[in-house]
Amino acid sequence: MARDVTIAGWGGNYQDAQRQAYFEPFAAKAGVKIEETTYLGGLAEIKAMVDTGNVTWDFLIMGGSELQLACDEGLLEPLDWDAIGGKDDLLPGAAMTCGVGNVVIGNGFAYNTQAFPTPPQDWKDFFDREKFPGRRGVNNTPQFNLEYALMADGVPPDQIYEVLATPEGVDRAFAQWDKIKDLLQYWESGAQPVEWLASNNVALSTAYNGRIIMAKREGKPLEFVWKNHVVNMDGWAMVKGSPYKDRLTEFMQTVNDPANQAKFSSLMPYGPSNTLAAGHLTPEIVAGLPAGDNIKEAAFMSDEFWIDHLDDLRERWSRWSTQ
């Protein structure tokens, strides 16, 4: 081959953990050299490669919705699940036509344990300004926020998208946010909720579980609320037209391997998509992951819903948040 196997990731500690858990075992087993690069999201770069036939990336990690969209547009190689195997051991939604859901992210809210004598338990508490006074940190997007609002209003996790698919359901979610709109402080990066909570700049904040668990490991007095958090998955895919298509099945087997996934989750506090991986981890590590008991009451994000509705709901959220 004219070039090494090229893997595009998100960079930082996340990619460092993936290198140890997946890239190095794959390189050793397949007898190939790995070149790494950074993927910044979006489909433009991938589309340009496929359209020109100049495919310079092989494998990449993508958000679930983007992966599904790229697959629908013919930008990714389809997978042979009979060859890969192990499909039944994966979480719902992890076995995709063109990808493997691999990194399970918990989206919920967190608080400073020194701030409240009685800690908040669920989304109803997040929206209760009398019981839990103070500002709320919130990511400035409809994704996850509309799901949170409906659960606060009593919608069961498995019925969220059924309700949200109706105009009445959307109105109901926005009406919930109206109750605390004047308390909102919008965050742009995942590091901000940690900073704001640690300094008591906000009383409660939506957050990624990994950021809060890492901060907790560093000694910050923060806690993540697991009840009814929303799970989404980043997944692995291969760019259509990669010269290393013969390595596709082998790579996907490597990232699906429960021991490899456990290695990743021991380095970064995000959950494994393989249900057998928890057996390779200590109870202490599992307690900080969207895995095991922590996902029993979780909602699973619908990539299909957001592909269909993101533009309209983003426009409405933007109007609402700036009024």
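The coordinates are above.
Conventions adopted
- Residues numbered from 1 in each chain as written.
- Predicted model: local features only at pLDDT ≥ 70, side-chain atom pairs only at ≥ 80, totals over all residues.
- Heavy atoms only, no water.
- Helix = DSSP H or I, 4+ residues; strand = E, 2+ residues; numbered from the N terminus.
- Rg over C-alpha atoms; globule rule 2.2 N^0.38 Å.
- Buried < 20%, exposed > 50% of the residue type's maximum accessible area, 1.4 Å probe, protein only.
- Contact = heavy atoms within 4.5 Å.
- Areas by Shrake-Rupley, 256 points an atom, 1.4 Å probe, with all protein chains shown as cover.
- Lys, Arg positive; Asp, Glu negative; His and termini not counted.
- Charge placed at Lys NZ, Arg CZ, Asp CG, Glu CD.
- Phe/Tyr/Trp six-rings, centres within 6.5 Å; stacked < 30°, edge-to-face > 60°.
- Lys NZ or Arg CZ within 6 Å of the ring centre and 35° of its normal.
- Patch = residues over 30% accessible without salt bridge, like charges linked within 9 Å, V, L, I, M, F, W, Y side chains within 5 Å.
- Salt bridge = Lys/Arg side-chain N within 4 Å of Asp/Glu carboxyl O.
- Core = buried A, V, L, I, M, F, W, Y, C linked by side-chain atoms within 4.5 Å.
- Disulfide = S-S within 2.5 Å.

Caption draft 1: Expanded view of the overall build of the protein chain. A count of helices and strands for the protein chain gives 14 helices and 10 strands. The globule rule puts the C-alpha radius of gyration for 323 residues at 20 Å, and the 20 Å found for the protein chain is close to it. The principal-axis extents of the C-alpha atoms in the protein chain amount to approximately 65 × 40 × 35 Å. Split into buried and exposed, the 323 residues of the protein chain put 54% on the buried side. Within the protein chain, counting contacts between residues at least 6 apart in sequence, those at least 24 apart form 72% of the total. Accessible surface for the protein chain amounts to roughly 13,900 Å². Of this, 48% is attributable to carbon and sulfur atoms. Positive and negative side-chain charges of the protein chain, numbering 27 and 45 respectively, have mean locations separated by a distance of 4 Å.

Caption draft 2: Just the packing of aromatic side chains, in detail. Tallying each qualifying case throughout the model produces 27 aromatic pairs. Measuring from centroid to centroid gives 5.8 Å for Phe23 and Trp236, while their planes differ by 80 degrees, and the two rings are edge-to-face. Of this pair, Phe23 sits in helix α1 (residues 12-30) while Trp236 sits in strand β8 (residues 222-238), and the two are 213 residues apart along the sequence. Taking the centre distance of 3.9 Å and the plane angle of 15 degrees together, the rings of Trp123 and Tyr148 count as stacked. With a gap of 25 residues between them, Trp123 in helix α5 (residues 123-126) and Tyr148 in helix α6 (residues 145-152) connect regions that are remote in the sequence. Accessibility classification places Trp123 together with Tyr148 in one group, the buried group. Members of the aromatic cluster, each reached through a chain of ring pairs, are Phe109, Trp123, Phe126, Phe127, Phe144, Tyr148, Phe174, Trp177, Trp317 and Trp320. Sitting over the ring of Phe126, Arg136 keeps its end group 5.7 Å from the ring centre. A cation over a ring is seen here: Lys181 above Trp320, with NZ or CZ 4.6 Å from the ring centre.

Caption draft 3: Expanded view of a negative patch on the surface. Taken together, Asp72, Glu73, Glu304 and Asp308 make up a surface patch of like negative charges. One can find Glu304 in helix α14 (residues 303-322).

Caption draft 4: View of the environment of Val231. Structurally, the position occupied by Val231 is in strand β8. Taking the relative accessible area as the measure of exposure, Val231 reaches 1% and is therefore buried. As a C-alpha pair, Val231 and Trp81 span 150 residues in sequence and 23 Å in three-dimensional space. Ignoring sequence-local partners within four residues, the contact set of Val231 consists of Val104, Ile105, Asn107, Ile295, Ala298, Ala299, Phe300 and Met301.

Caption draft 5: Broad picture of the nonpolar core. Phe126, Leu146 and Trp177 are the most contacted members of the largest nonpolar core, which has 39 residues in total. The residues contacting Trp177, other than those within four sequence positions of it, are Phe126, Phe127, Val138, Asn145, Leu146, Ala149, Leu184, Trp317 and Trp320.

Caption draft 6: The state of the cysteines, seen in detail. Under the definition given, this model contains 1 disulfide. Here Cys71 connects covalently by a disulfide to Cys98, the sulfurs 2.1 Å from one another. What sets the handedness of the Cys71 and Cys98 disulfide is the S-S torsion sign, and at about 55 degrees it is right-handed. One end of the pair, Cys71, is in helix α3 (residues 64-72); the other, Cys98, is in the loop between α4 (81-84) and β4 (100-112), with 27 residues separating them in the sequence. Of the two residues, Cys71 and Cys98, both sit in the buried class.

Caption draft 7: Layout of unusual backbone geometry. Even without being a glycine, Phe144 presents a positive backbone phi close to 75 degrees. Positionally, Phe144 belongs in the loop between β5 (136-139) and α6. By relative accessible area, which is 13% here, Phe144 ends up buried.

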